[in-house]
Amino acid sequence: MAPRPFHHCAHPAVSALVYRRCRALCPVLRSPHPLAQPGTVIESPGSGREGAQGKYRIRVGRDLWRSSSPAPSSGKGPGALGRLAGHNTGDLREQEERGELLQPLIFVLLVLCSVLLYFKVSLMDPGFVKPEEEAKAGEAEGQGLVIPQATGDVKLRRCGYCLVKPMRARHCQLCQHCVRRYDHHCPWIENCVGERNHPLFIAYLTVQLVVLLWGGHIAWSGLYFQQSWEWLKYNIFLLLSFLLIVIFTTVVLLLLVSHLYLISCNTTTWEFMSHHRISYLRHSELENPFDQGIILNLWRFFCSRHLTAWEQIYFHRNSEPV
């Protein structure tokens, strides 16, 4: 029996289902309308009931795929679409077993964590000075520590707006509040970075750096350089994305490294930049009166759950014998 073309097939519904499954399984058939090309036919072994229950074969120059499934004319069984869905589910399971689905999931979770940390750091209290909390800070720091009287050079600090202004605090003109252990006002998060949200700010920078490095790796793996305008036309967006990721990664990396260095020394960006203008640093006998060693500095920054009475540390450090 001579093979019949696709449009003369006695079972067009079956032919369409077979064509879609062939297109999904065989890369050769993914070109536009492969069955409409010359030399592509569907062979039917017979007609009538035998043809409806028999085998169909697609040829594109040579046999590429053979279906031994009966046509879904009776309405029973999953049919070709059900088997195709099962095939896709099997592919997903195989990818899951090989760990190929784990990396995209981790990347999405990191991006979500970065977004949540951004809103947390930008919306939380950075350490606004409150008179009732200053008394608790002095009690939590230690009852047995005797604080010497302030010398004439180190004057008690007062704020014209907030009245109470503990040591290492500064009044932010943008937030209109005095912030404990003021580091800087970050326009990125539109909030001050102070004693309360500084550890979360470091965590946010760390997660953001990991996401940027991962995204840069993905963008770089998609670039295949060629010296042609045609290549630049189709890859300009990916190339610009990679350059932006490199710029943001450099900024975040430098910011994170500088903050970790300042934290290890127990100093802030404001104190580091304005050391000569801050009275309690300018008249101190020590270059950094708050430095207690790298380990204790890191522990106090990341693990301390209460506000620190910096006046006690300052006067205790300056009263120690050299």
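As a reminder, the structure under discussion sits directly above these lines.
The structure contained in this document is the topic of the report that follows. (Residues numbered from 1 in each chain as written. Predicted model: local features only at pLDDT ≥ 70, side-chain atom pairs only at ≥ 80, totals over all residues. Heavy atoms only, no water.)

## Considerations on the overall build of the protein chain
Step number 1: Summing up its helical and strand segments, the protein chain has 11 helices and 10 strands in all.
Step number 2: The 322 residues of the protein chain split such that 37% are buried.
Step number 3: Sequence separation of 24 or more characterises 59% of the internal contacts of the protein chain that already satisfy a separation of 6 or more.
Step number 4: Roughly 20100 Å² of accessible area belongs to the protein chain as shown, and the carbon and sulfur atoms make up 62% of that amount. (Helix = DSSP H or I, 4+ residues; strand = E, 2+ residues; numbered from the N terminus. Buried < 20%, exposed > 50% of the residue type's maximum accessible area, 1.4 Å probe, protein only. Contact = heavy atoms within 4.5 Å. Areas by Shrake-Rupley, 256 points an atom, 1.4 Å probe, with all protein chains shown as cover.)

## A closer look at the packing of helix 6 (residues 198-221) against helix 7 (residues 229-264)
Step number 1: Helix 7 packs onto helix 6 with a crossing angle of 150° between their chain directions and a minimal axis gap of 9 Å. The orientation of helix 6 relative to helix 7 falls into the category roughly antiparallel. Relative to helix 7, helix 6 is oriented so that their crossing is left-handed.
Step number 2: Within the contact of helix 6 with helix 7, the residues separate by chemical class into 18 nonpolar, 7 polar and no charged. (Axes fitted to C-alpha atoms, helices over the stretch in contact; angles between N-to-C directions. Parallel < 35°, antiparallel > 145°, perpendicular 65-115°, else oblique. Left-handed = near helix turned anticlockwise from the far one by under 90°. Nonpolar A, V, L, I, M, F, W, Y, C, P; charged D, E, K, R; others polar.)

## Considerations on the side chain of Asn297
Step number 1: Assignment of secondary structure puts Asn297 in helix 10 (residues 294-302).
Step number 2: Residue Asn297 is classed as buried on the basis of its relative accessible area, which comes to 2%.
Step number 3: A polar contact is formed between the side chain of Asn297 and the backbone nitrogen of Gln292, at a distance of 3.1 Å.
Step number 4: From its side chain, Asn297 meets the backbone oxygen of Gly293 in a polar contact 2.8 Å long. (Polar contact = N/O pair within 3.5 Å; in protein donor to acceptor, adjacent residues only side chain to side chain.)

## Some thoughts on the nonpolar core
Step number 1: Among the nonpolar cores identified, the biggest contains 17 residues, and Ile189, Phe201 and Leu205 are the most heavily contacted of them.
Step number 2: At the level of secondary structure, the elements contributing two or more residues to this core comprise helix 4 (102-123), helix 6 and helix 7.
Step number 3: Ranked by the residues each element gives to this core, the list is headed by helix 6, at 8 residues.
Step number 4: In contact with Ile189, not counting residues within four places along its chain, are Tyr118, Val121, Ser122 and Phe201.
Step number 5: In terms of nonpolar packing, the next biggest core, distinct from the first, is built from 16 residues, Cys172, Cys175, Cys192 and Trp310 among them. (Core = buried A, V, L, I, M, F, W, Y, C linked by side-chain atoms within 4.5 Å.)

## Side note on unusual backbone geometry
Excluding glycine, residues mostly have negative phi values, and the peptide bonds linking residues are mostly trans.
Step number 1: A positive phi angle is found at Arg181, which is not glycine, with a value near 45°.
Step number 2: Tracing the backbone through its elements, the reader meets Arg181 in the loop between strand 8 (177-179) and strand 9 (184-186).
Step number 3: Arg181 gets classed as buried once you look at its relative accessible area, which sits at 4%.
Step number 4: Although it is not a glycine, Asn266 sits at a positive phi angle of roughly 55°.
Step number 5: Structurally, Asn266 can be placed in the loop between helix 7 and helix 8 (269-273).
Step number 6: For Asn266, a relative accessible area of 4% translates into the label buried.

## Let's talk about the layout of surface pockets
Empty space among the atoms becomes visible once a probe the size of a water molecule is rolled across them.
Step number 1: Approximately 340 Å³ is the volume attributed to the second largest pocket.
Step number 2: Taken together, 18 residues line the second largest pocket, and the ones lying closest to its centre are Glu195, Arg300, Phe301, Ser304 and His306.
Step number 3: The dominant element in the lining of the second largest pocket, judged by the number of residues it contributes, is helix 10, at 4 residues.
Step number 4: Across the lining of the second largest pocket, the residue classes tally to 7 nonpolar, 6 polar and 5 charged. (1 Å grid on protein atoms, 1.4 Å probe; cavity = no way out; pocket = protein on both sides within 12 Å on 5 of 7 lines; lining within 4 Å. Points joined across faces, edges and corners; volume = space filled by probe spheres on them.)

## Examining the side chain of Asn197
Step number 1: Mapped onto the elements, Asn197 comes out in the loop between strand 10 (191-193) and helix 6.
Step number 2: With relative accessibility at 0%, the residue Asn197 sits in the buried group.
Step number 3: Apart from the residues within four sequence positions on either side, Asn197 is in contact with Val121, Met124, Asp125, Pro126, Asn191 and Cys192.

Distances and angles like these do not, on their own, reveal function.
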